[in-house]
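Summary of the model geometry
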Amino acid sequence: MLLSALLLIAGTAAGYGQLGRQFPSERRIVKDPRTGMDIIFLTSKSGMFDHKTYQTHSQWTADGKWCIFDSKNRAEGNAIAVNEDSGEMIQVTEGGYTGKILISRKEMKMFFLRNQKDPKARRKGKTQTAEDPKNLTKEIVESDLAALFADSRAGKMKKAGHYERVVATIPPEYGIGGGDIALDASERAVYFRTGREYAAQHLPEGTKIEPNFGPRNMGAGPTGIAAVNLETGAITNVITVGFQIGHVQTNPWKPGEIIFCWETGGKAPQRTWMVQADGTGLQPIYEETEYDWVTHEAVIGRDEIAIAILGHRPMQPVNKDKFVYDAANPGQEPGWGPSGTRAKATGLAVVNLRTHALSLEGQIPYGSGFWHVHGSADGHWVVGDNFRRELWLIDRHTGERILLTAGHKETAQDHIHPTFSTDGTKINFQSAMLSDDGRSMNICVIRLPQPLLDRYKQ
């Protein structure tokens, strides 16, 4: 037994930073002290700074058995797959990656961005570092997870090139920023955000260039979206707009449909947008007023998107036309205008992508209200977190609010960021509940209780 433990330690040390490295299970089931719900902590070690991929993207592999996340201190910022039932963990990238992990819903594959040095810059004798993104080419890498898992379990790992295939490269002139990439529903294309210099060269005539909006001095354009064909590697421009594009996501049920936002760091003049992959159909999704503070949109079904309409700014009326905000706190500055108060409708809303009809599903009566939102594709449930790191479920048929879990520490490095599974039975999120430092997060799953699932069985 001792020899086995020593071999495991030695193997782990020798394999640090390597593809296929295994980690011992940390899986724990913790009963929520407020709700009594079972929380499955897929990771539970403190100080690892685990982080799920963004809530708008798939969290589970195609077989529904593994969640993929990154871990700053466990694997030097590489991605790890954790088996939901056993807690088994396997490292699935090496040498780091950038941006979001894209998990296939059709096959046991994933896609990610990796920085590569630009050969043109090298020929010119320029110094290239990770801090100089203008000189870096991005590779889109496809990874065969089925083969990787099998070989890791068998202890017969091969070199990374056996599991990984560079399917396309993005030259630095595209100015891809932040790794904001998204996988088309067809899984034949990846979309990414283009930078200002590239976008300026493709700006349609007559497009208004928007200035920064709000106290954070963000939101100015132009920027755009481009597409990479994963079969040919060809890059095409999809759309160029006069404002700063933020999060980019796709409709996983409808090939060629892209959802994106105008990013200002806060309230935007018009947050949510959609466009088709051929550049047609550019339009706002929910046309907001100056009073609506819309954020954190997420596609939840073929024809629906969930949004949060924030009610986080306490009002201190001076008269019927003027309010005073707490300018000392972020998000409260007067420069955001009259938005984000509860003088108007706020809460977790669902918008139909075809008709643009909005349904306000619910709101919590305290604090800032819902912040990050998601929903089940069957149309029965929506879920949202708040600044208290609580996780609420809403029955879309009855409006009932159900507190699933709380106590995930307001000092955490990030929010809960809930994401429903494709079958609508469970939610992936992140939590600092078990962290000694009150900041570093772990990866969790909460399964909807059977009585709730039984409500709408056919």
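Nothing here was measured: the structure is a model prediction, and the numbers come from that model. (Residues numbered from 1 in each chain as written. Predicted model: local features only at pLDDT ≥ 70, side-chain atom pairs only at ≥ 80, totals over all residues. Heavy atoms only, no water.)

The helix and strand inventory of the protein chain stands at five helices and 32 strands. When the 458 residues of the protein chain are sorted by exposure, 56% land in the buried category. Surface accessibility of the protein chain: about 19500 Å² in total, with carbon and sulfur atoms responsible for 51%. (Helix = DSSP H or I, 4+ residues; strand = E, 2+ residues; numbered from the N terminus. Buried < 20%, exposed > 50% of the residue type's maximum accessible area, 1.4 Å probe, protein only. Areas by Shrake-Rupley, 256 points an atom, 1.4 Å probe, with all protein chains shown as cover.)

Here we take up the packing of aromatic side chains. One pair of aromatic rings is described through two measures. These are the centre distance and the angle between the planes. Taken as a whole and assessed by the stated rule, the structure comprises eleven aromatic pairs. Among the aromatic residues, ring-to-ring pairing joins Phe 243, Phe 260, Trp 262 and Trp 273 into one connected group. The cationic tip of Lys 72 hangs over the ring face of Phe 49; the distance from NZ or CZ to the ring centre is 5.5 Å. Geometry around Trp 392 places Arg 401 over its ring, the cationic atom sitting 5.9 Å from the centre. (Phe/Tyr/Trp six-rings, centres within 6.5 Å; stacked < 30°, edge-to-face > 60°. Lys NZ or Arg CZ within 6 Å of the ring centre and 35° of its normal.)

Let us look at helix 3 (residues 145-154). Of all the positions in helix 3, only Leu 145, Leu 148, Phe 149, Asp 151 and Ser 152 are classed as buried. The N-cap residue of helix 3 is Asp 144: its side-chain oxygen and the backbone nitrogen of Ala 146 are 3.3 Å apart. After helix 3 finishes, the residue Gly 155 shows a positive phi value of roughly 70°. (Polar contact = N/O pair within 3.5 Å; in protein donor to acceptor, adjacent residues only side chain to side chain.)

What follows deals with the sheet that holds strand 26 (residues 373-375). With antiparallel pairing, the four strands of this open sheet are ordered in space as 26-27-28-29. Only two strands of the sheet have a single partner each, and these edge strands are strand 26 and strand 29 (401-405). Here the strands of the sheet are splayed against their neighbours by 25° on average, with no regard to which way each runs. For strand 26 and strand 27 (residues 381-385), the ladder comprises three bridges, and the chain directions are antiparallel. Across the sheet, residue Val 373 finds its bridge partner in strand 27, namely Gly 384. (Pairing = 2+ DSSP bridges. Axes fitted to C-alpha atoms, helices over the stretch in contact; angles between N-to-C directions.)

Detailed reading of the predicted coordinates is not advisable wherever pLDDT falls low. Of all residues in the protein chain, 89% have pLDDT values of 70 or greater, and the mean over the chain is 90. Counting interchain partners and residues more than four positions distant, the pLDDT-below-50 stretch residues 1-17 has eleven contacts. Note on residues 121-131: pLDDT is under 50 here. Beyond four places in sequence and across chains, it has 13 contacts. (pLDDT = per-residue confidence, 0-100. Contact = heavy atoms within 4.5 Å.)

Pairing is antiparallel across the open sheet formed by four strands, whose spatial order is 16-17-18-19. Because the sheet does not close on itself, it has two edges, and the strands there are strand 16 (245-250) and strand 19 (283-284). Inspection of the sheet shows strand 16 paired to strand 17 (residues 257-262) by four bridges, in the antiparallel sense. From the neighbouring strand, Val 248 faces strand 17, where its bridge partner is Phe 260.

Looking now at the pattern of salt bridges. Under the criterion given, the structure shown has 29 salt bridges. The salt bridge partner of Arg 34 is Glu 390, with a shortest N-O separation of 3.1 Å. Of the two residues, Arg 34 is situated in the loop between strand 2 (28-31) and strand 3 (38-41) and Glu 390 in the loop between strand 27 and strand 28 (391-395); the sequence distance between them amounts to 356 residues. You can call Glu 390 buried: its relative accessible area is 2%. The partner of Arg 114 in a salt bridge is Glu 164, and the shortest N-O contact between them spans 2.9 Å. Highlighted residues: Arg 114 in strand 9 (residues 109-117) and Glu 164 in strand 11 (residues 164-170), separated in sequence by 50 residues. Taken individually, Arg 114 and Glu 164 each receive the classification buried, so the pair is uniform in this respect. (Salt bridge = Lys/Arg side-chain N within 4 Å of Asp/Glu carboxyl O.)

This part covers the environment of Arg 153. For Arg 153, the position within the fold is in helix 3. For the pair Arg 153 and Gln 22, spaced 131 residues apart in sequence, the C-alpha to C-alpha distance is 8.4 Å. In contact with Arg 153, other than residues within four places in its own chain, are Gln 22, Trp 66, Asn 83 and Glu 88.

As a further point, take the side chain of Asp 50. Checked against the element boundaries, Asp 50 lands in strand 4 (residues 50-52). Reaching out from Asp 50, the side chain makes a polar contact with the side chain of Arg 74 at a distance of 2.5 Å. Not counting residues up to four positions away in its chain, the partners in contact with Asp 50 are Thr 43, Phe 69, Asp 70, Ser 71, Arg 74, Gln 413, Met 441, Asn 442 and Ile 443.

Attention now moves to the side chain of Glu 257. With respect to the secondary-structure elements, Glu 257 resides in strand 17. Judged by its relative accessible area of 1%, Glu 257 is buried. Reaching out from Glu 257, the side chain makes a polar contact with the side chain of Asn 251 at a distance of 2.8 Å. Apart from the residues within four sequence positions on either side, Glu 257 is in contact with Asp 184, Gln 249, Thr 250, Asn 251, Met 274, Val 275, Gln 276, Arg 302, Leu 353 and Arg 354.

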